[in-house]
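Listed below are the residues making up each chain.
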Amino acid sequence: MIQLKNVDKIYKTEAENVHALKSINLDINQGEFVSIMGQSGSGKTTLMNILGCLDNPTSGDYFIQDSNVSDLNDDQRSALRGLLFGFVFQSYNLLPRLTALEQVELPLIYQNVEDRRLKAAKALDMVGLIDRIDFKPNQLSGGQQQRVSIARSLVVKPKVVLADEPTGALDIKTGKEVMSILKNLVKKEKISVIVVTHESEVADYTDRTILISDGEIKSDKLNK
Amino acid sequence: MNFKDLILISLRAIASNGLRSLLTTLGIIIGVSSVIILMSVGQGAVKGVIDELNALGTNLIFIEPGSSEEGGQKGAAGSAITLTREDGEAIIQAQIPDVVYVTSMIDFGAQAITSSNNVGVQVVGTESMYSIMRGLNLSEGRFLDEDDVDKKSLNMVLGHTISEQLFPEDSPVGKNVRLSIAGGRIIFNFRVVGVVSERGAGVGVDDDNAVFIPVSTLQARISFIKNPTGETNVNNIIIQTAEGADEIEIKESVSRVLLDKHKVTSPDFIIESQKDLIGAAGEIANILSLLLGGIAGISLAVGGIGVMNIMLVSVTERTREIGIRRAVGATKGDIIKQFVWEALTLSSMGGIIGIILGMIISYLLDGRFTFDEFTVRTVIQPWSILIAFVVSFGIGLVSGVYPAYRASRLDPILALRNE
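## So, the overall build of chain B
Argument step 1. On a plain count of helices and strands, chain B comes out with 13 helices and 14 strands.
Argument step 2. For chain B, whose C-alpha radius of gyration is 33 Å, the value lies well above the compact-globule estimate of 22 Å for 419 residues.
Argument step 3. With respect to the three principal axes, the spread of C-alpha positions in chain B is 105 × 55 × 40 Å.
Argument step 4. Long-range contacts, defined as pairs at least 24 residues apart, comprise 79% of the intrachain contacts of chain B with a sequence gap of at least 6.

## Topic: the overall build of chain A
Argument step 1. In terms of regular secondary structure, chain A is built from seven helices and ten strands.
Argument step 2. Over its C-alpha trace chain A gives a radius of gyration of 17 Å, about what one expects of a compact globule, namely 17 Å for 224 residues.
Argument step 3. Principal-axis analysis of the C-alpha atoms places the extent of chain A at approximately 50 × 35 × 35 Å.
Argument step 4. A total of 224 residues make up chain A; the buried ones form 47% of that total.
Argument step 5. Excluding contacts between residues fewer than 6 apart, the proportion of contacts in chain A whose partners are at least 24 apart in sequence is 67%.

## A look at unusual backbone geometry
All names here are of chain A.
Argument step 1. Here Gln65, not a glycine, exhibits a phi torsion of approximately 45°, which is positive.
Argument step 2. Judged by the 11 C-beta atoms lying within 10 Å of it, Gln65 is exposed.
Argument step 3. Its identity as a non-glycine residue notwithstanding, Asp66 has a phi of 70°, on the positive side.
Argument step 4. As for its position among the elements, Asp66 is in the loop between strand E4 (59–64) and strand E5 (67–68).

## Some points on the interface of chain B and chain A
Argument step 1. Taken residue by residue, the interface counts 18 residues in chain B and 21 residues in chain A.
Argument step 2. Among the elements of the structure, helix H1 (3–16), helix H10 (319–327), helix H11 (332–365) and helix H13 (412–417) of chain B are those that each provide at least two residues to the side of chain B that touches chain A.
Argument step 3. At four residues, H10 of chain B tops the list of elements feeding residues into the side of chain B that touches chain A.
Argument step 4. Taken together, the residues that form the side of chain B that touches chain A break down as eight nonpolar, four polar and six charged.

## Description of the sheet that holds E5 of chain A
Argument step 1. Strand order in the open sheet made by the four strands is E2-E1-E4-E5 (chain A), with antiparallel pairing throughout. At either end of the open sheet lies a strand with only one pairing partner, and these are strand E2 (17–28) and E5 of chain A.

## A short note on the confidence of the model for chain B
Residue and element names in this part refer to chain B.
Argument step 1. This prediction gives chain B a mean pLDDT of 85; 92% of its residues lie at or above 70.
Argument step 2. Averaged pLDDT values over the elements of chain B bottom out at 50 in strand E2 (residues 69–70) and peak at 94 in strand E7 (residues 155–158).
Argument step 3. Confidence metrics for the complex model read pTM 0.73 and ipTM 0.91.

## Some points on the nonpolar core
Argument step 1. With 109 residues, the main nonpolar core has Leu124, Ala151 and Ile194 of chain A as its most contacted residues.
Argument step 2. No other element matches the eleven residues that helix H2 (residues 18–55) of chain B contributes to this core.
Argument step 3. If we ignore the near neighbours within four places in the chain, the residues touching Leu124 of chain A are Ala100, Leu101, Val104, Leu129, Ile130, Ile133 and Ala151 of chain A.
Argument step 4. Core analysis: the second largest hydrophobic core is formed by 47 residues, Met105, Val149, Val196 and Ile237 of chain B among them.

## A closer look at the domain arrangement of chain B
A common measure of how large an interface is: the accessible area buried when the components associate.
Argument step 1. The domain boundaries assigned to chain B delineate domain 1 (3–53 + 279–417) and domain 2 (100–240).
Argument step 2. Measuring from the centre of the C-alpha atoms in domain 1 of chain B to the corresponding centre in domain 2 of chain B gives 57 Å.

## Details of the environment of Gly244 of chain B
All names here are of chain B.
Argument step 1. Locating Gly244 in the fold gives a position in the loop between strand E11 (236–241) and helix H8 (247–262).
Argument step 2. Under the C-beta neighbour-count criterion, Gly244 is labelled exposed, with 8 such atoms within 10 Å.
Argument step 3. Distance from Gly244 to Asn59, taken between C-alpha atoms, is 8.5 Å for residues 185 residues apart in sequence.

## Looking at the pairing of strand E10 (residues 210–214) of chain B
When a strand is regular, its side chains alternate between the sheet's two faces.
Residues and elements named next belong to chain B.
Argument step 1. Among the five residues that make up E10, five are buried, leaving the element largely enclosed by the rest of the structure.
Argument step 2. As paired strands, strand E5 (residues 118–126) and E10 are joined by five bridges and run parallel to one another. Residue Val124 lies in a different strand from E10, and its bridge partner there is Phe212.
Argument step 3. The sheet contact formed by E7 and E10 spans two bridges and is antiparallel. Note on E10: the bridge partner recorded for Val157 is Phe212.

## What to know about the pairing of strand E10 (residues 216–222) of chain A
All names here are of chain A.
Argument step 1. Alignment of strand E9 (residues 208–213) against E10, held across six bridges, turns out to be antiparallel. Residue pairing across strands places Ile212 opposite Ile217, the latter belonging to E10.
Argument step 2. Linking E9 back to E10 in an antiparallel pair, the connection comprises two residues, with Asp214 at a positive phi of about 55°.

Calculation notes
- Each chain carries its own residue numbering, running from 1 in the direction its sequence is written.
- Throughout, the order in which chains and ligands are written sets their labels, letters from A for the former and numbers from 1 for the latter.
- Side-chain atom pairs in this predicted model are given and counted only at pLDDT of 80 or more, local residue features only at pLDDT of at least 70, and totals for whole chains, interfaces and linings cover all residues.
- In this description a helix means any DSSP run of H or I spanning at least four residues, a strand means any run of E spanning at least two, and both kinds are numbered starting from the N terminus.
- With C-alpha atoms as the basis for the radius of gyration, the globule rule is written as 2.2 Å multiplied by the number of residues raised to the power 0.38.
- Once C-beta atoms are placed from the backbone, any two residues with those atoms within 7 Å are in contact.
- Exposure criterion: with C-beta atoms placed from backbone coordinates, a residue whose C-beta has 20 or more other C-beta atoms within 10 Å is buried, one with 12 or fewer is exposed, and one in between is partly exposed.
- Three classes are used, and their members are as follows: Ala, Val, Leu, Ile, Met, Phe, Trp, Tyr, Cys and Pro are nonpolar, Asp, Glu, Lys and Arg are charged, and the others, Gly among them, are polar.
- Note on pairing: two strands pair once DSSP finds at least 2 bridges between them.
- For every residue, the predictor assigns a confidence score, pLDDT, that lies between 0 and 100.
- Any set of buried Ala, Val, Leu, Ile, Met, Phe, Trp, Tyr and Cys residues joined through C-beta atoms within 7 Å is what this text calls a nonpolar core.
- These domain boundaries are the output of an automatic or database domain assignment.

Rendered as structure tokens:
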């Protein structure tokens, strides 16, 4: 469903050109649970930004469901993000003023979707937070906040959820909870979930681990 | 993103920073309300002048002597003695349509003397129509009548202030007043037949400080007001026209009559209608009003800068929010709309509060303060309210666009990383 062909990403700075990704070739199928592992500075976040249409590759092709999206303009990328992708961040990235329900409604505002509240409530139910609908971020624990952000990523019924260090700010127990929620999504909803992490414990939850270092894929293997 | 969401998002952002939003809008509030207040004061001044001109009477046309021209030097208006009582009679005889009344008047300074008092007065020599044309009311007795003019009687009507000065205790009607003219060289005894009610200071003759006597009496008894042709010089001829008459037409007809009678080709007199004077006064006062409004407009512009400043701060503070919105599918356009609308809401709220405040203060100011003899009046102009609102809306738009553009240009990846 997702296919990268010879993708390069070069950041041009005044001093030098940073070659963040080098000839990346990658296929990810629908309903796959994949982790991208690497040290900081390895290029894994750049890869995730390109996968999530937050950024365009410098060269190479990116196919989503067989259409080439490597050269979209900003508005087209925004639309694609809203339709096909959900994002989960290490620091949750919730808006401080909104209730859990409103956080989850947010992507729907930009899609002009009907029945937003109902859809948002269903998404919150999927992550087990139906009783926290009216809570604002400062009234929720870290794990709960991350579950709200997972619900927000699910509400548009995305094809792919991209999670950047989703457990990075959580203790081990809550981290495990969050990972099993993600694992369930893959099973039940047939969503592809891509987790970016530097912890092998996290990667172990996934079905396939792609190791990236210095902008190149070093290994790509299925987990037992 | 639909319109309702847009409104909710901006109201929420404004409410979440309540004090800051209030202080920001304060600039707009002060600007808008001062525009409305100063313009209403300006318009109040216009109304004051127009009211004074209207107090002269209605539908009047004034004829004054033209300026003299001696040795190529043009004198002031009235310096040539070209207007006579006979001119007034010629106008009556010409039977110009829609001319209702014609009256002549002479005025000059004199001393009015009773056994106990002596005051300076403006003597107005005129005819019975004068009180009708100028809309004078009598507090006692009667005004001069046709009989007084025909018989060149020695009857006199007193202005309100003169009456109080000469007869502070009892009624003046029936009493005698001596007029000392030309430094005491000419003295007449008059009998008071009436007193005019108070009118307040106005344009033209100050009726409160005048005494009125028949013009014919002056004509018959005082030789120095006669010109070499034997006609009586007057300071003014006043014509009252019918309601809705064509004043331009009448002015031309009158002008032709006088040109014929004076045997001149270019006018040696000035004809001005009351409407001309009102128009001129109104124009001056409108300029004053715009000037005041313009000064207030500067404070409105300063308020607009305040809005822009806060919007720029807000964009910086909410970098992360912008990143989140972009990640979940907001386009650059959505972000621009959000911030422009927020600025519009801020400044429009300021505009509305400013309009209400300005109207209340204008209303409270009306007639409350008097400097010398000038009382501050305020008249709220509906269009000044419209202008104030449109301008504050425009300021919101202008001061919102640049910060919104900056917001939309933020790279979502960097915005998300912003701590």
